[in-house]
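What the coordinates show
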Amino acid sequence: MELEERPFRRGRRIAVDVGDARIGVASCDPDGVLATPVETVPAGVKSQARIAAIVEEYDAMEVIVGLPRSLSGKEGPAAEKVRAYATRLANRLYPVPVRLVDERMSTVTATHGLRASGVKAKKGRSVVDQAAAVVILQTALESERVSGRPPGESVEAVG
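Residues numbered from 1 in each chain as written. Predicted model: local features only at pLDDT ≥ 70, side-chain atom pairs only at ≥ 80, totals over all residues. Heavy atoms only, no water.

**Some words on the pairing of strand β2 (residues 22-28)**
Consecutive residues of a regular strand have side chains that alternate between opposite faces of the sheet. Across the seven residues of β2, six count as buried, placing the element largely inside the fold. With five bridges connecting them, strand β1 (residues 13-18) and β2 associate as antiparallel partners. The partner of Ile14 across the bridge, within β2, is Ser27. Following β1, the chain reverses through three residues before pairing antiparallel with β2. (Buried < 20%, exposed > 50% of the residue type's maximum accessible area, 1.4 Å probe, protein only. Helix = DSSP H or I, 4+ residues; strand = E, 2+ residues; numbered from the N terminus. Pairing = 2+ DSSP bridges.)

Structure representation (structure tokens):
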């Protein structure tokens, strides 16, 4: 039995892991094979301008924002903040699409991976944010490869 080739949209994607203090940013190659860390952006009023500059610099076709949910899948105050941030980002980046993707366990996965490779907790905080963005992006890429559909949910620009 031959496997059906599912469509995969070609193009660079940028992923962001939004936190209260820092925002981890990652990107992938145009074929969506490998996600790599880009930088850690300080959270705050200038963060969206920096992310917009990165999106332009990388000529990204899409931005993936990690949506924090509890292990049960429920959304709390952190998810509300990220949804609001993603909507502002979608308005700023339009016509570049912004998508929300479940990020449960991304920071935990990133922290364990970094610790296993010898990065100390205190020294690695900003690196953890980038690594979490890598995990979010890699998960989104795999999801699209398997399903043949864009990952997560689209964030509508309401400008």
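**Observations concerning the pattern of salt bridges**
For the structure on display, the rule yields 12 salt bridges. A salt bridge links Arg50 to Glu39; its shortest N-O distance comes to 2.7 Å. Taken together, the residues span a long stretch of sequence, with Arg50 in helix α1 (residues 47-57) and Glu39 in strand β3 (residues 35-42) at a distance of 11 residues. Residue classification places Glu39 among the partly exposed residues on the basis of a relative accessible area of 22%. Here Arg83 makes a salt bridge to Glu153, at a shortest N to O gap of 2.9 Å. Taken together, the residues Arg83 in helix α2 (residues 77-93) and Glu153 in strand β6 (residues 153-155) connect sequence positions 70 residues apart. Among the residues examined, Arg83 registers a relative accessible area of 26% and is labelled partly exposed. (Salt bridge = Lys/Arg side-chain N within 4 Å of Asp/Glu carboxyl O.)

**Section: the confidence of the model for the protein chain**
Put simply, the protein chain has an average pLDDT of 88, and 84% of its residues get 70 or more. Across the protein chain, the element-wise mean pLDDT spans from 64 in helix α3 (residues 106-116) up to 98 in α1. (pLDDT = per-residue confidence, 0-100.)

**Quick word on the nonpolar core**
Counting 25 residues, the largest nonpolar core has Val16, Val63 and Val65 as the members making the most contacts within it. Those elements giving two or more residues to this core turn out to be β1, β2, α1, β4 (62-67), α2 and β5 (98-102). The element best represented in this core is α2, accounting for seven residues. With residues up to four places along the chain from it excluded, the contact list for Val16 reads Ile23, Gly24, Val25, Ile51, Val63, Ile64, Val65, Gly66 and Ile136. Counting residues in each nonpolar core, the second largest holds 12 residues, with Ala15, Cys28, Ala35 and Leu141 among its members. (Core = buried A, V, L, I, M, F, W, Y, C linked by side-chain atoms within 4.5 Å. Contact = heavy atoms within 4.5 Å.)

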